[in-house]
Structures are given as C-alpha cells and as structure tokens.
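This is what each chain is made of:
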Amino acid sequence: MGNSGKISVPIKKEWIFCQEKEFFCARRPKRLVIGIPNEVAKGENRICLTPESVRVFVDMGHEIILQRGAGNGAHYADSEYSDCGARIVETQEEVYAADIVLKVTSVSLHETEYMHEHQVILSSMKMFDLKKEAVMAMMQKKVTALGFDIIKDRDGFYPVVRIMSEIAGNAAIMIAGEYLSNSRGGKGIILGGISGITPTEVMILGAGTLGEYAARAAMGLGATVKIFDASVNRLRQVRERLGERVFTSVFHEPVVSRALKTADVLIGAVRCLEPDNMMMIQEEQVKLLKQGAVIVDLSVDQGGCIETSALATREKSVYTHEGVIHYCVPNVLSRVARTASIAYSNVFLPLLQEAARQGGFARALKADAGLRNGVYIYNGILTKNVLADRFGLISRNIDLLLAAL
C-alpha cells in the first residue's frame, strides 16, 4: 500500500503483450482466396469481377481462381484475367477449393457437391430459382451463403438490385425500339419523338428503380411516358425526379384502359415476391392495345404482371398474341452482359476489400448490418424466415447467432 492508501496491483508484462497481440491481430487484413466458376444456368453471360478488378485484388495480395471460359459471355478472354494475375483452372471442383465463391445465379444442387465447411458463397438469392435441395445441401456442408441481391448499403438501399434495375430499365426501352422496327416484324415506327410526328407513347407498370430508368430512357428519346403504380408515394417520388413531363397514376381501371388504347409500348416493371398478386393487366385489357404494339414484361421470371405474358427463350424470344408483340425473356441483363459485369464489379470490389480489412467475412458480418442482411445460411444454419416458411424448415436469427460468438 502506497502513501495514497490505494492498493497497487502488479501488472504482468506477459498479460500486456497478449492484450496487444490480440488487439493488432483482430485488425490484421485477411488474405482472401476468391473463386469464380462458369455459370451453369443456360443463357447467363454475366461475371462478377472484371479483369481490372482482379488486378486490384491480386495487387493487394489476394488470390483469384477463375474457371476457364467464365468471362466469355461478357467478352472477357481468359488471357485478360491471367494477365491481371488470376489463376485459370479447368474444373468447378478446383474453383470451389477457394474460401469465397462469387457467382451470378442462384446455387444449384450440382454445385453444392464441391462446397466445403466454413466456405462463403456469394450469389443471387432469387426466391423462385433457389431449390430446397440446394439449400439443405448447403446447410449440410455448413457453408455461409449470402444473397448479394439482399445486401444493403449504409443508406438502407440494395446496391446490386438498384444498379441492375437501372441497366434493365434502359435495356427494356432498347428492346422495345428494336421490335417496333420493320427489321423485327414491327409496324415500322421509331421509339421517340420526331419533329412534325406524334411521339411514341410508352406505358410503364411500376414506379420503382426499374420503371424510373425505363422512363428516363424513353423520355430521353422524346417519347411520351405514363407510369402506373399502386403506391402514391412512389409515384410522387418518381415525378419529383423526372419532372412534369411524365404522367403518373394509380391503377384506376378507366385511366389504365385509356392509356392502353394509345400506347405503343407497355413495359412491365413490377418487382414482387408474391406472383399471385402481381397481375396488373388482364387479357381483355391487352386487346385494347394497338395492333403491332410491343410488350416487354421484365417481371416474367417472377410470374409476370401481364396476363398474356409467358416465358420465352432467346431462341424464340417473341410471340404475338391479339396482334401485340410480346417480349418475355427472363434475365434481360444477359443481353448487355459486359455492362452488367462492370456494374457487379463496382459493387463487389469495395465489399470484398472491406471484408479483407475486417479480417474475414465473420468479422465483417458482425460489423456491418447491411452485409449481415444478405446472409441466408450461416455456418449451415438457415437465417431467413421467408425461406424457412417456403421450404418447411427452421430458421434462426443471424444477429443472435453472431452475438453468441
């Protein structure tokens, strides 16, 4: 006891050293091994990382394993990736030896054969593509699976969905213009406005990001645009962003019917997880459209928002019903695969850099609630109620799971 009357407790140097070592180790960047396989889904041309992004990762000391031909659909050659430091392999099995696997489409049952414990799978989590067998196989392998389409940024937005919706909205107008022309069997009109000629009318169902960017593209060409949505708030927001030129309305049947009679193009841009509640335009209403009008239903992969929509293929991408041309091919983004791939890279590059800086995905998940929102399997435990309800399984709360660590 000293003069102050306080008891002094000796502090061992070994204890200080251990605490300092733990402090610095917790912040030591982790070297990532990232695998990029070929997409097995037919017609999928996108890839998650461009060669330029690969070079950034390799220069930071990370390793990229790429299956031969993975970038061909986006017109990226294997040599471009190898020149940037990627290791090119022949089989999926070699790719899935990586700690982290990046892929565009939802996981298939076949792909789960190559997975291993504690692996991180970053892919799309499309509700209607993901199968129960694949989910259960991932749970058995004790992997951590994230749906990049449900990851949130710091502002609460879904960055992947947002950028892909921007691209798809623009692509929809490009497709509509293509099928209005004579070369594709259309009635031979240009999508837009020309001096002395009545402008083309574009009707859009949905005032979200997808509908907004379709409207932007159409207005940029000089077309008259009408947007319909069930939400007055969304309509108000899109009108504030696009200005007075755009017409907006809720789904009031007389107004919808009048718009259909004069529309040259109908864009389905509604996103919903409940296909039974998505049917915005009935078959009788489709008959109101002009002969030679074009429908582009971007919601067809979720059941469609137009009753006459039916899944088409790239080999037979259009069909005519009641004199109206229908383009109902899912995954419009594969038509512009290089642009979409660059957009993916812009999102995944900083996301993976931050995971490395945090010391791995486990620590990154604890630190970032938006990234945590993307987890649907954590170390083999299902964490999304929506999947549990659909497949008759049991889910756990991801926050509670991480808190226990």
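Here, every reference points to the structure presented above.
This write-up is about the structure you can find in this document. (Residues numbered from 1 in each chain as written. Predicted model: local features only at pLDDT ≥ 70, side-chain atom pairs only at ≥ 80, totals over all residues. Heavy atoms only, no water.)

So, the sheet that holds strand 14 (residues 375–378)
Here is step 1: Read across the open sheet, the eight strands follow the order 3-2-1-4-5-6-14-15; overall the sheet is mixed. The open sheet has two edge strands, strand 3 (87–89) and strand 15 (381–382), and neither has a second partner.
Here is step 2: Where strand 1 (residues 33–36) lies against strand 2 (residues 63–67), four bridges are found, and the strand directions are parallel. Residue pairing for strand 2: Val33 is matched across the bridge by Glu63. (Pairing = 2+ DSSP bridges. Helix = DSSP H or I, 4+ residues; strand = E, 2+ residues; numbered from the N terminus.)

Comments concerning the side chain of His62
Here is step 1: Summarising the element assignment, His62 is placed in the loop between helix 2 (51–59) and strand 2.
Here is step 2: Within polar-contact distance, the side chain of His62 engages the backbone nitrogen of Leu32 at 2.9 Å.
Here is step 3: When neighbours within four sequence positions are excluded, His62 is seen to be in contact with Lys30, Arg31, Leu32, Phe57 and Ala356. (Polar contact = N/O pair within 3.5 Å; in protein donor to acceptor, adjacent residues only side chain to side chain. Contact = heavy atoms within 4.5 Å.)

Examining helix 12 (residues 337–358)
Here is step 1: With 22 residues, helix 12 extends 31 Å between its outermost C-alpha atoms, agreeing within 8% with the 32 Å of an ideal straight helix rising 1.5 Å per residue.
Here is step 2: Downstream of helix 12 by one or two residues, Gly359 has phi in the positive range, about 100 degrees. (Expected span 1.5 Å × (residues − 1).)

Regarding the packing of helix 7 (residues 159–180) against helix 12
For any two helices packed against each other, the geometry comes down to the angle between their axes and how far apart the axes lie.
Here is step 1: As a packed pair, helix 7 and helix 12 sit with axes 10 Å apart at the nearest point and diverge in direction by 160 degrees. In terms of orientation, helix 7 lies roughly antiparallel with respect to helix 12. For the pair helix 7 and helix 12, the crossing hand works out as right-handed. Where helix 7 approaches helix 12, its residues Pro159, Val160, Ile163, Met164 and Ile167 are matched on the opposing element by Thr339, Ala340, Ala343, Tyr344, Val347 and Phe348.
Here is step 2: Along the lines of polarity and charge, the residues of the contact of helix 7 with helix 12 split into ten nonpolar, one polar and no charged. (Axes fitted to C-alpha atoms, helices over the stretch in contact; angles between N-to-C directions. Parallel < 35°, antiparallel > 145°, perpendicular 65-115°, else oblique. Left-handed = near helix turned anticlockwise from the far one by under 90°. Nonpolar A, V, L, I, M, F, W, Y, C, P; charged D, E, K, R; others polar.)

Looking at helix 10 (residues 253–262)
Here is step 1: Within helix 10, burial applies to Val255, Val256, Ser257, Ala259 and Leu260.
Here is step 2: In this structure, the buried residues of helix 10 make contact with strand 7 (201–205), strand 8 (224–228), strand 9 (247–249), strand 10 (265–268) and helix 11 (283–286). (Buried < 20%, exposed > 50% of the residue type's maximum accessible area, 1.4 Å probe, protein only.)

Thoughts on the sheet that holds strand 8
Here is step 1: The sheet built from seven strands is open, its strands ordered 9-8-7-10-11-13-12 with mixed pairing. Both edges of this open sheet fall to strand 9 and strand 12 (318–321), since each of them pairs with a single strand only. When strand polarity is set aside, the average angle formed by the axes of neighbouring strands in this sheet is 20 degrees.
Here is step 2: In this sheet, strand 11 (residues 294–297) lies alongside strand 10 in parallel orientation, the contact comprising four bridges. Residue pairing across strands places Ile267 opposite Val296, the latter belonging to strand 11.
Here is step 3: Here helix 7 sits on the sheet in contact with strand 7, strand 10, strand 11, strand 12 and strand 13 (324–327), set at roughly 150 degrees to strand 11.
Here is step 4: Strand contacts of helix 10: strand 7, strand 8, strand 9 and strand 10, with the helix running at about 150 degrees to strand 8, the strand carrying the most contacts.

Structural notes on the nonpolar core
Here is step 1: Ranked by size, the top nonpolar core spans 85 residues in total, and within it Ile227, Ile267, Phe348 and Leu352 carry the most contacts.
Here is step 2: Not counting residues within four places of it along the chain, the set of residues in contact with Leu352 comprises Leu32, Ile34, Phe57, Ile100, Leu102 and Phe361.
Here is step 3: The next biggest cluster of nonpolar side chains, apart from the first, holds 19 residues, and it includes Met127, Leu130, Leu382 and Leu387. (Core = buried A, V, L, I, M, F, W, Y, C linked by side-chain atoms within 4.5 Å.)

Focus: the pairing of strand 6 (residues 144–147)
Here is step 1: Across the two faces of strand 6 the burial is the same, with Thr144 and Leu146 and Ala145 and Gly147 all buried.
Here is step 2: Two elements, strand 5 (residues 120–123) and strand 6, share four bridges in a ladder whose sense is parallel. Bridged to Ile121 within strand 6 is Ala145.
Here is step 3: Note on the crossover from strand 5 through helix 6 (residues 132–141) to strand 6: the handedness is right-handed. (Right-handed = clockwise from strand over helix to strand, strands pointing away.)

Examining unusual backbone geometry
Here is step 1: Despite not being glycine, His118 shows a phi value in the positive range, around 70 degrees.
Here is step 2: Mapped onto the elements of the fold, His118 is located in the loop between helix 5 (109–112) and strand 5.
Here is step 3: For Glu322, which is not glycine, the phi dihedral falls at a positive 55 degrees.

Things to note about the packing of aromatic side chains
Here is step 1: Tallied over the full model, the rule gives eight aromatic pairs.
Here is step 2: Between Tyr179 and Tyr327 the ring centres are 5.8 Å apart and the planes differ by 40 degrees, which places this aromatic pair in the tilted class. Separated by 148 residues along the polypeptide, Tyr179 in helix 7 and Tyr327 in strand 13 bring together distant segments of the chain.
Here is step 3: What makes Tyr179 buried here is its relative accessible area of 3%.
Here is step 4: Grouped by ring-pair contacts, the aromatic residues Phe148, Tyr344 and Phe348 constitute a single cluster.
Here is step 5: It is Arg162 that lies over the ring of Phe157; its NZ or CZ is 4.9 Å from the centre.
Here is step 6: Between the NZ or CZ atom of Arg216 and the centre of the ring of Tyr213, over which it lies, the distance is 5.3 Å. (Phe/Tyr/Trp six-rings, centres within 6.5 Å; stacked < 30°, edge-to-face > 60°. Lys NZ or Arg CZ within 6 Å of the ring centre and 35° of its normal.)

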